[in-house]
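A look at the structure
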Amino acid sequence: MEGIYIVKNGDYVTGVRQKQSFLGLLASYEGMDIMQLEIYADKPMWIDPGSSSELMEYFYILDGSVSIIDESGEEKLLEKGDCFYVANIKKSIPAKSANGVKMLYISTKPVFNYLYSYTGDLNELRRRCEEKDQYTKNHSNRVMEYSVKICENLGLSKEITNTLVISSLFHDIGKCMIPDEILKKPTSLNREELRYIMKHPIFSRSFVEGKFGKQVAEIVEQHHERPDGSGYPYGLSGKEILPEARIIAVADSYDAMTTDRAYKKAVTPREALNELRLGEGSRYDRDAVKALAKYLKDINRV
Ligand SMILES: [Fe+2]
Ligand SMILES: [Fe+2]
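Residues numbered from 1 in each chain as written. Chains lettered and ligands numbered in written order. Predicted model: local features only at pLDDT ≥ 70, side-chain atom pairs only at ≥ 80, totals over all residues. Heavy atoms only, no water.

Any two of four tetrahedral donors ideally make an angle of 109.5 degrees at the metal, while pairs among six octahedral donors ideally make 90 or 180 degrees. Listed as protein donors to the iron ion (ligand 1) are Asp172 (OD), His200 (NE2), His223 (NE2) and His224 (NE2); their distances from the metal cover 2.1 to 2.3 Å. Classification of the site at the iron ion (ligand 1) as irregular follows from its four donor atoms and the range of 85 to 177° in their angles at the metal. Here the donor residues of the iron ion (ligand 1) are spaced in sequence according to D-x27-H-x22-H-H. (Donors = N, O, S within 2.8 Å, 3.2 Å for Na, K, Ca; no water. Tetrahedral: all angles 85-135°; square planar, octahedral: opposite > 155°, others 65-115°.)

Okay, here's the thing in structure tokens:
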């Protein structure tokens, strides 16, 4: 990332609202998350021990007040302008706010996706992610539709189809960690920005792993890998790439080509299919391209 990023009116807040709290992600960079945590009036909360001894979590009171019970058992009232930070705590610290509190919450390691994936509704996050950008609206639904059709035309099992439904729906969920300024940039991206965008499959993985397991996590992580090794994030090639990931890659590329994007206009289904055929066996899985072509022909789109 390079330069200055301005976020107005909480536009870039991706968050999870629950009965007792709201946790929003303001920015995320190189393993550090900057969030806003709101605890509603009279709702109990806990600050839990972190997963790593290197994790430090910092809380700055923006508005309202909060009482925390420190490790000696003493209750401390913190008000606007006060802060506290925790590292290596051995047990959960109870926090309670009589009238509600809004805090700036900074963690030195990524915690948002972890907190989100077990407290939040990933579907809601996915929808919000896509709605932020008119170009990607319904992208994951279309990628799911194409992936399932490819799967059916290849005669793959119901079990694989089900795994593909989940994986395709959430393949880009990690994009919510990328600032809008990069995601919606109408001009070409600089190297730093590209490097950052190319991390989204890794972010996607961390969102889905806790909820759907390792297999779905690996598939979403590999959806930009290419059979000839030219993909990202790891440059895997051939059989190193899971078959499900190769199917999503074809469905995803077809949808990207046939929808308008901030930086380029859509091409026709026929042109997109020709492009996929040009890359058969190198950039795209041969069988998956054939199966997609059959589906497009069946519905008279090409
Ligand atoms: Fe993607
Ligand atoms: Fe995608």
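This paragraph deals with helix α4 (residues 158-169). An ideal rise of 1.5 Å per residue puts 16 Å on 12 residues; α4 measures up with 17 Å between its terminal C-alpha atoms. The set of residues buried in α4 consists of Thr161, Thr163, Leu164, Ser167, Ser168 and Leu169. Looking at the packing, one finds that the buried side of α4 touches α2 (122-131), α3 (139-153), α8 (214-221) and α9 (243-258). (Helix = DSSP H or I, 4+ residues; strand = E, 2+ residues; numbered from the N terminus. Expected span 1.5 Å × (residues − 1). Buried < 20%, exposed > 50% of the residue type's maximum accessible area, 1.4 Å probe, protein only. Contact = heavy atoms within 4.5 Å.)

Applying the stated rule across the entire model yields one cavity of 30 Å³ or more. For the largest cavity, the calculated volume is near 40 Å³. Every residue lining the largest cavity is listed: Asp48, Pro49, Gly50, Ser52, Leu55, Glu57, Val86, Ala87, Asn88 and Ile89. Split into classes, the residues belonging to the lining of the largest cavity amount to five nonpolar, three polar and two charged. (1 Å grid on protein atoms, 1.4 Å probe; cavity = no way out; pocket = protein on both sides within 12 Å on 5 of 7 lines; lining within 4 Å. Points joined across faces, edges and corners; volume = space filled by probe spheres on them. Nonpolar A, V, L, I, M, F, W, Y, C, P; charged D, E, K, R; others polar.)

Our next topic: the nonpolar core. Leu37, Ile47, Phe59, Phe84, Met103 and Phe207 are the most contacted members of the largest nonpolar core, which totals 44 residues. At four residues, the largest contribution of residues to this core is made by strand β5 (residues 56-69). Here this core spans two domains, and each of domain 1 (14-119) and domain 2 (122-298) adds at least three residues to it. Counting residues in hydrophobic clusters, the runner-up holds 26 residues, among them Tyr146, Leu236, Tyr254 and Leu276. (Core = buried A, V, L, I, M, F, W, Y, C linked by side-chain atoms within 4.5 Å. Domains from an automatic or database assignment.)

Between helix α7 (residues 200-212) and α8, the shortest axis-to-axis distance is 8 Å and the interhelical angle comes to 165°. One way to sum up the angle between α7 and α8 is to call them roughly antiparallel. Crossing handedness for the pair α7 and α8: right-handed. Here α7 contributes Pro201, Ile202, Ser204, Arg205, Val208, Glu209 and Phe212 to the contact with α8, which in turn contributes Lys214, Val216, Ala217, Glu218, Val220 and Glu221. Grouping the constituent residues of the contact of α7 with α8 by class yields seven nonpolar, one polar and five charged. (Axes fitted to C-alpha atoms, helices over the stretch in contact; angles between N-to-C directions. Parallel < 35°, antiparallel > 145°, perpendicular 65-115°, else oblique. Left-handed = near helix turned anticlockwise from the far one by under 90°.)

Looking now at the coordination of the iron ion (ligand 2). Coordination sphere of the iron ion (ligand 2), protein contribution only: His139 (NE2), His171 (NE2), Asp172 (OD) and Asp252 (OD), at 2.1 to 2.3 Å. Considering all four donor atoms around the iron ion (ligand 2), angles at the metal cover 76 to 174° and the coordination shape is irregular. Separating the iron ion (ligand 2) from the iron ion (ligand 1) is a gap of 3.6 Å, which Asp172 spans by donating to each of them. Here the residue His171 occupies a position in the loop between α4 and α5 (180-183), and Asp252 occupies one in helix α9, the gap between them amounting to 81 residues.

For the structure shown, the criterion picks out seven aromatic pairs. Pairing Phe59 with Tyr105 gives two aromatic rings, centres 4.5 Å apart and planes at 20°, and the pair type is stacked. Pair noted here: Phe59 is in strand β5 and Tyr105 is in strand β9 (residues 101-107), with a separation of 46 residues, a long-range link. Taking the relative accessible area as the measure of exposure, Phe59 reaches 2% and is therefore buried. (Phe/Tyr/Trp six-rings, centres within 6.5 Å; stacked < 30°, edge-to-face > 60°.)

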